[in-house]
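Next come the chains, spelled out residue by residue.
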Amino acid sequence: MAVAIGGAAHAQETGGAEPYRLGLLVDAGAPHGIGLSAVFKPVPWLRLQAGPTTNTLSLGLRGGLSILPMQTFISPSFNVEGGHYLGSDYNDVADWLGATPTSATSAIRDISYNYVAGSVGLEIGAANRFNFFLHLGLSYVRMGVDDASALIEEATDESDITARNLTLRATIPSVKVGFLFYFF
């Protein structure tokens, strides 16, 4: 009896049709670039996503989840995602910033990084069909430089310096805008 009542209530909430569970998410933001993800929504309040990303210098992969406490036209979301960017030549960044190439730039030819981001979002649209969103939060980034000797030699004007791999960690603000469309 309770199962029949619960099923009838669920059918009334969704208009008699099964809710859409699979979709596509497209977003852009800083600092993590542009992404395209497959979306799976196992229950109305939980969204899982995974897919490729790019920051225009390298390719990466990411995965995440969103908690959706309300199923209204305008609703909040709480989001967590993690990703990895493959090694890439970041000398282009130095060029964009107007820096002159030096021997130290060889140290930034193969940089990869990992990140974890947490954000609070505002989602606008039909919760089970199409959403536009804005997410604001913080990202923890961990970047590795394999040969830091050239960077340190240039900064100190010492030629007899050797160094281990350099790891840079930072917590930085992040912003992301995008949309998602559920089709199954």
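Preceding this paragraph is the structure being described.
Residues numbered from 1 in each chain as written. Predicted model: local features only at pLDDT ≥ 70, side-chain atom pairs only at ≥ 80, totals over all residues. Heavy atoms only, no water.

Student: Please clarify how the overall build of the chain should be interpreted in this entry.
Tutor: A count of helices and strands for the chain gives 3 helices and 8 strands. When its helices and strands are written in sequence order, the chain yields α-β-β-β-β-β-α-β-β-α-β. Among the 184 residues that make up the chain, the fraction classed as buried is 33%. Here the contacts in the chain between residues at least 6 apart in sequence split such that 59% fall between residues at least 24 apart. (Helix = DSSP H or I, 4+ residues; strand = E, 2+ residues; numbered from the N terminus. Buried < 20%, exposed > 50% of the residue type's maximum accessible area, 1.4 Å probe, protein only. Contact = heavy atoms within 4.5 Å.)

Student: Hey, could you run me through the sheet that holds strand S7 (residues 130-145) in this one?
Tutor: Within a sheet, adjacent strands bond to each other through the backbone by hydrogen bonds, running parallel or antiparallel. Taken together, the 8 strands give a closed barrel; going around it, the order is S1-S2-S3-S4-S5-S6-S7-S8, and neighbouring strands pair in antiparallel fashion. Between one strand axis and the next, the sheet turns by 25 degrees as a mean value, whatever way the strands run. The pairing of strand S5 (residues 74-88) with strand S6 (residues 111-126) spans 13 bridges and is classified as antiparallel. Counted as the bridge partner of Tyr85 is Tyr113 from S6. (Pairing = 2+ DSSP bridges. Axes fitted to C-alpha atoms, helices over the stretch in contact; angles between N-to-C directions.)

Student: What is the right way to read unusual backbone geometry from this model?
Tutor: Peptide bonds are, in most cases, trans, and in most cases residues other than glycine have a negative phi. The omega angle of the peptide bond from Ala30 to Pro31 is 10 degrees, so this bond is cis rather than trans. Residue placement: Pro31 occurs in the loop between strand S1 (22-30) and strand S2 (33-43). Here the phi dihedral of Thr56 falls at roughly 70 degrees; this positive angle occurs in a residue that is not glycine. Along the polypeptide, Thr56 turns up in the loop between strand S3 (46-54) and strand S4 (59-67).

Student: I keep staring at the pattern of salt bridges and nothing clicks. Help me out?
Tutor: Think of it this way: side chains of opposite charge can pair up when their charged atoms draw near. Inspection of the entire model under this criterion finds 5 salt bridges. The salt bridge partner of Lys176 is Asp27, with a shortest N-O separation of 3.4 Å. With Lys176 in strand S8 (residues 166-182) and Asp27 in strand S1, this pair connects stretches of sequence that are 149 residues apart. Residues Lys176 and Asp27 agree in their burial class; the two are buried. Between Glu81 and Lys176 there is a salt bridge; the shortest N-O distance is 2.6 Å. (Salt bridge = Lys/Arg side-chain N within 4 Å of Asp/Glu carboxyl O.)

Student: Looking at this structure, how should I read the pairing of S8?
Tutor: Here 8 bridges tie S1 to S8, and the two strands are oriented antiparallel to one another. Pairing of Asp27 across the sheet is with Gly178, part of S8.

Student: Honestly, the pairing of S3 in this entry has me stumped. Any pointers?
Tutor: The two faces of the sheet receive side chains in turn, since in a regular strand these alternate between them. Relative to S3, S2 runs antiparallel, the two sharing 6 bridges. The residue bridging Phe40 from the neighbouring strand is Leu48, located in S3. In this antiparallel pair of consecutive strands, S2 and S3, the connection spans 2 residues. The hairpin turn running from S3 into S4, its antiparallel successor, is 4 residues long, and Thr56 in that turn takes a positive phi close to 70 degrees.

Student: How do you make sense of the side chain of Arg47 when you look at a structure like this?
Tutor: Considering the arrangement of structural elements, one finds Arg47 in strand S3. Using a relative accessible area of 1% as the deciding quantity, one classes Arg47 as buried. At 2.8 Å, the side chain of Arg47 forms a polar contact with the side chain of Glu123. (Polar contact = N/O pair within 3.5 Å; in protein donor to acceptor, adjacent residues only side chain to side chain.)

Student: What's the story with the packing of aromatic side chains in this structure? I'm lost.
Tutor: Think of a pair of aromatic rings as described by two things: how far the centres are apart, and how the planes are tilted against each other in angle. Following the criterion strictly, the structure yields 5 aromatic pairs and no others. Three or more aromatic residues link up through ring pairs in this structure, and these residues are Tyr85, Tyr113 and Tyr115. (Phe/Tyr/Trp six-rings, centres within 6.5 Å; stacked < 30°, edge-to-face > 60°.)

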